[in-house]
Amino acid sequence: MGLENKLDVEKFVKDTRISEIDLDKAFLEQSSLRAYYGALAAERESFANRLETVVDAKEATLARQIRAEALEQGRKLSEKMVEELVRSDPAWIKMKNAVYEAQAQASIAKAFVASLVDRRDMLIQLGADRRDESKGQLRMLEIQKDNAKLASIRQKAQNLSS
């Protein structure tokens, strides 16, 4: 009943893995990953809600049937007894378990989306670190150039004095 394919946590981990080597790729993919997994989460939550509605309708139908059968047999059932009979019906139990599974899948999808928010924050920090690192490298190059110029000036001064 319903979504047969379970969410693949290993695929998500693979899709969202970050490496210093392909950091630019991770920056470029972040938005589309967020859109994809956000849509997936909405789809799973919607499915779980629709399934819950189907179970509620099944519960009402079973309760009506149980009351009608009891009335035909001349038995009087309390609401608690009707509820117990409904909740012990194998079809209702199967449907309710499907709801629980759908809710679990929706929760997993929501966790994926939350993880992507953390990933975005991590990417922002890695980008800032990369910029700081490149600034440091540029400063070192400038210092090396300045030192080379200074050495050249000293060499020229020494040549002139000799």
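Above this note sits the structure.
Reading the values: the criteria
- Residues numbered from 1 in each chain as written.
- Predicted model: local features only at pLDDT ≥ 70, side-chain atom pairs only at ≥ 80, totals over all residues.
- Heavy atoms only, no water.
- Helix = DSSP H or I, 4+ residues; strand = E, 2+ residues; numbered from the N terminus.
- Expected span 1.5 Å × (residues − 1).
- Buried < 20%, exposed > 50% of the residue type's maximum accessible area, 1.4 Å probe, protein only.
- Phe/Tyr/Trp six-rings, centres within 6.5 Å; stacked < 30°, edge-to-face > 60°.
- Core = buried A, V, L, I, M, F, W, Y, C linked by side-chain atoms within 4.5 Å.
- Contact = heavy atoms within 4.5 Å.
- Axes fitted to C-alpha atoms, helices over the stretch in contact; angles between N-to-C directions.
- Parallel < 35°, antiparallel > 145°, perpendicular 65-115°, else oblique.
- Nonpolar A, V, L, I, M, F, W, Y, C, P; charged D, E, K, R; others polar.
- Polar contact = N/O pair within 3.5 Å; in protein donor to acceptor, adjacent residues only side chain to side chain.

Participant: Describe helix α2 (residues 23–72), and please don't skip the residues or the numbers.
Facilitator: Here α2 contains 50 residues, and its C-alpha end-to-end distance of 72 Å stays within 8% of the 74 Å for a straight helix at 1.5 Å per residue. Once α2 ends, the next one or two residues include glycine 74, with phi positive near 75 degrees.

Participant: Tell me what's going on with the environment of glutamate 43, and back it up with residues and numbers.
Facilitator: Residue position: glutamate 43 is located in helix α2. A relative accessible area of 42% places glutamate 43 in the partly exposed class. Sequence separation between glutamate 43 and alanine 109 is 66 residues; the distance between their C-alpha atoms is 9.2 Å.

Participant: Describe the environment of glutamate 101, listing the residues and the values that go with them.
Facilitator: The residue glutamate 101 is located in helix α4 (residues 90–161) in this model. According to the relative accessible area criterion, glutamate 101 is partly exposed, its value standing at 33%. Sequence separation of glutamate 101 and lysine 6 is 95 residues, and the distance between their C-alpha atoms is 9.3 Å.

Participant: Give me the packing of aromatic side chains: which residues, what numbers.
Facilitator: Tallied over the full model, the rule gives four aromatic pairs. When the centroid spacing of 4.9 Å and the interplanar angle of 90 degrees are considered together, the rings of phenylalanine 12 and tyrosine 37 count as edge-to-face. One end of the pair, phenylalanine 12, is in helix α1 (residues 9–16); the other, tyrosine 37, is in helix α2, with 25 residues separating them in the sequence. Of the two residues, phenylalanine 12 and tyrosine 37, both sit in the buried class. Note on tyrosine 36 and tyrosine 37: the rings are 4.8 Å apart at their centroids and 85 degrees apart in plane angle, and the pair reads as edge-to-face.

Participant: Requested: an account of the nonpolar core, with residues and values cited.
Facilitator: For soluble globular proteins, the rule of thumb is that nonpolar side chains tend to be buried together. Leu51, Val82 and Val86 are the most contacted members of the largest nonpolar core, which has 16 residues in total. Of all the secondary-structure elements, those providing two or more residues to this core are α2, α3 (79–87) and α4. For this core, the element with the highest residue contribution is α2, accounting for eight residues. Apart from the residues within four sequence positions on either side, valine 86 is in contact with Glu59, Leu62, Ala63, Ile66 and Trp92. In terms of nonpolar packing, the next biggest core, distinct from the first, is built from 10 residues, Leu33, Tyr37, Ala41 and Ala109 among them.

Participant: Please give an account of the packing of α1 against α2 that cites residues and values.
Facilitator: Look at α1 against α2: their axes get within 11 Å of each other, and the N-to-C directions meet at 160 degrees. Of the possible angle classes, the one that applies to α1 and α2 is roughly antiparallel. Along its contact with α1, which presents Lys11, Phe12, Asp15 and Thr16, the element α2 presents Glu29, Leu33 and Tyr37. Residue composition of the contact of α1 with α2, grouped by class: three nonpolar, one polar and three charged.

Participant: Quick one: what's the story with the side chain of glutamine 105, residue by residue and with numbers?
Facilitator: Within the secondary structure, glutamine 105 is located in helix α4. Assessed through its relative accessible area of 8%, glutamine 105 is described here as buried. Separated by 2.7 Å, the side chain of glutamine 105 and the backbone nitrogen of leucine 7 make a polar contact. Each residue touching glutamine 105, except ones within four places of it in the same chain, is listed here: Asn5, Lys6, Leu7 and Arg44.

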